[in-house]
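Listed below, chain by chain, are the residues.
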Amino acid sequence: PPPPEEQIEMYVESFRPALMDPLYLWSKGHAFSVVAGGTDLYEGSIIRATRRLDELMQELARAATVVGDDKLAAHIADANATIRRGIMFAASLYI
């Protein structure tokens, strides 16, 4: 294995922050056209990542409840509610 310094650098470089801005804009209530227009990512990639984030946040809220931290669970659920809207969560895109 590479030395620890190189391992840290490889780990940091593995992050892909390209979805941070679109998801932030979506969570703040911007229209999907604004979110998708501000990046060169495919619309389907944005939707897929948002749905995966939704699933992760649901799991985190359940985990917080299991360990007895209802305040944290409520905080996560509130944050999750900001992304769970509109076309991102339409049952079908073929309406």
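What comes next concerns the included structure. The numbers attached to residues start from 1 for each chain and follow its sequence in the written order. Since the coordinates come from a predicted model, pLDDT governs what is reported: local features require at least 70, and pairs of side-chain atoms require 80 or more to be given and counted, while whole-chain, interface and lining totals use all residues. Calculation of side-chain values draws on the structure's entire complement of heavy atoms; hydrogens and water are dropped beforehand.

## Section: the packing of aromatic side chains
The rule is short: rings of Phe, Tyr and Trp, with Trp giving its six-membered ring, pair when the centres are within 6.5 Å, and they are stacked under 30 degrees, edge-to-face over 60, tilted in between. The full count for this structure, using the stated rule, is two aromatic pairs. Between Y11 and F15, the ring centres sit 5.1 Å apart and the planes meet at 85°, which makes this aromatic pair edge-to-face. A centroid spacing of 6.2 Å and a plane angle of 85° characterise the contact between W26 and F32, whose relative ring orientation is edge-to-face. Of the two residues examined, W26 and F32, each falls in the buried class. In this scheme, Lys NZ or Arg CZ marks a charge over a ring once it lies within 6 Å of the ring centre and within 35 degrees of the ring normal. A cation over an aromatic ring shows up here: R85 above the ring of W26, its NZ or CZ 3.6 Å from the ring centre. Each residue's exposure class comes from its accessible area (1.4 Å probe, protein chains only) as a fraction of the maximum for that residue type: buried when under 20%, exposed when over 50%, partly exposed otherwise.

## Observations concerning the nonpolar core
In terms of nonpolar packing, the biggest core is built from 11 residues, these being W26, F32, V35, A36, I46, I47, M57, A61, I76, I83 and M88. Under the DSSP-based scheme used, a helix requires at least four consecutive residues in state H or I and a strand at least two consecutive residues in state E, with every element numbered from the N terminus. Counting only elements with at least two residues in this core, the list comes to α3 (32-37) and α4 (43-66). To define a nonpolar core, start from buried Ala, Val, Leu, Ile, Met, Phe, Trp, Tyr and Cys residues and group those joined through side-chain atoms within 4.5 Å.

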